[in-house]
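Now for the letters of each chain:
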Amino acid sequence: MADLGVTTDLQGQEFLDAMARSRPVDSTMALLATAIKATAKGGIGKLRQRSRGQVPYYEEYPALKRERWRPDIRAAVLSSQRIGLHRKLMKTAAAADLYPVAIGTDAIVYPSPGPSPLDVLPHTPEGKPVPGTFRLGVSPGMVKHQGTQTVLWADQQFEERGGVFNISNLIKM
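If you're wondering where the values come from, they're calculated on a predicted model, not measured in any experiment.

Definitions and limits used
- Residues numbered from 1 in each chain as written.
- Predicted model: local features only at pLDDT ≥ 70, side-chain atom pairs only at ≥ 80, totals over all residues.
- Heavy atoms only, no water.
- Helix = DSSP H or I, 4+ residues; strand = E, 2+ residues; numbered from the N terminus.
- Buried < 20%, exposed > 50% of the residue type's maximum accessible area, 1.4 Å probe, protein only.
- Contact = heavy atoms within 4.5 Å.
- Areas by Shrake-Rupley, 256 points an atom, 1.4 Å probe, with all protein chains shown as cover.
- Lys, Arg positive; Asp, Glu negative; His and termini not counted.
- Charge placed at Lys NZ, Arg CZ, Asp CG, Glu CD.
- Core = buried A, V, L, I, M, F, W, Y, C linked by side-chain atoms within 4.5 Å.
- Salt bridge = Lys/Arg side-chain N within 4 Å of Asp/Glu carboxyl O.
- Phe/Tyr/Trp six-rings, centres within 6.5 Å; stacked < 30°, edge-to-face > 60°.
- Lys NZ or Arg CZ within 6 Å of the ring centre and 35° of its normal.

### Details of the overall build of the chain
Part 1: On a plain count of helices and strands, the chain comes out with four helices and two strands.
Part 2: Ordered by position in the sequence, the α and β elements of the chain form the string α-α-α-β-β-α.
Part 3: By its C-alpha atoms, the chain is 60 × 40 × 30 Å across when sized along the principal axes.
Part 4: Expressed as a percentage of its 173 residues, the buried residues of the chain come to 25%.
Part 5: Partitioning the intrachain contacts of the chain with sequence separation of at least 6 by distance along the chain shows that 48% fall at a separation of at least 24.
Part 6: When the accessible surface of the chain is split by element, carbon and sulfur atoms take 57% of a total near 12100 Å².
Part 7: Computing the positive centroid from 22 side-chain charges and the negative centroid from 16, the chain places the two 8 Å apart.

### Topic: the nonpolar core
Part 1: By size, the foremost hydrophobic cluster in this structure holds 13 residues, and its most contacted members are Phe15, Leu89, Tyr110, Phe134 and Leu136.
Part 2: For this core, the secondary structure elements donating two or more residues are α1 (12-25) and α3 (71-96).
Part 3: Broken down by element, the residue count for this core peaks at three residues, all from α1.
Part 4: Those residues within four positions of leucine 89 in sequence are excluded, and the remaining contacts are Pro100, Ile103, Ile108, Tyr110 and Phe134.
Part 5: Judged by nonpolar contacts, the second largest core, of six residues, contains Ala102, Val109, Ala154 and Ile167.

### Quick word on the pattern of salt bridges
Part 1: Scanning the model with the defined rule gives one salt bridge in all.
Part 2: Residue aspartate 72 pairs with arginine 70 through a salt bridge whose shortest N-O separation is 2.6 Å.
Part 3: Take aspartate 72: its relative accessible area is 45%, and that puts it in the partly exposed class.
Part 4: Its relative accessible area of 34% is what places arginine 70 among the partly exposed residues.

### Here we look at the environment of valine 109
Part 1: Within the secondary structure, valine 109 is located in strand β2 (residues 108-109).
Part 2: Residue valine 109 is classed as buried on the basis of its relative accessible area, which comes to 11%.
Part 3: With residues near it in sequence (within four places) discarded, valine 109 still touches Pro100, Val101, Ala102, Ile167, Ser168 and Ile171.

### Let's talk about unusual backbone geometry
Part 1: Here aspartate 97, not a glycine, exhibits a phi torsion of approximately 50°, which is positive.
Part 2: Counting through the fold element by element, aspartate 97 comes out in the loop between α3 and β1 (102-103).
Part 3: Here aspartate 97 falls in the exposed class, since its relative accessible area comes to 59%.

### Here's the deal with the packing of aromatic side chains
Part 1: Going through the model one piece at a time under the given rule, you end up with two aromatic pairs.
Part 2: Ring plane angle 70° and centroid distance 6.3 Å describe the contact between tyrosine 110 and phenylalanine 134, whose orientation is recorded as edge-to-face. Here phenylalanine 134 lies in the loop between β2 and α4 (151-161) and tyrosine 110 lies in the loop between β2 and α4, a separation of 24 residues in the sequence.
Part 3: Its end group placed over the ring of phenylalanine 165, arginine 161 keeps NZ or CZ at 5.5 Å from the ring centre.

Written out as structure tokens, the structure is:
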């Protein structure tokens, strides 16, 4: 990310601007960053790979014999992520009296008075992020802006899809 111009010392609007510039700057590096993320996500998924109908239910699934089939490690990683997410949700609610309208695996949708995540994230009177809440950044535990949509857009999605879906899966720009 530093090669794309997004460093760990950027905060607030500087970080948002750097993220917006990062994709078009170097398409090869952007593809590499995407590949690294996909490898990490895919690796977590492979720790508990299920049969998709390839093996009859009465036969042993061959993945069970692989050393890298470790659903316990996958569960521990996901559990840690979810615990951190819930803590940040509660701290954000306590600090800003703000509650999400949708929660996905790795996307949270908050109502906002403006289009920027800076309009939602709570800050201290000194302008620093409230400890324990969501913070923008590229370091582990920090968040990035996935996208902003209007309430009218969300209403249109509910009408088109019959209201049976999670809006957090569609909010990405």
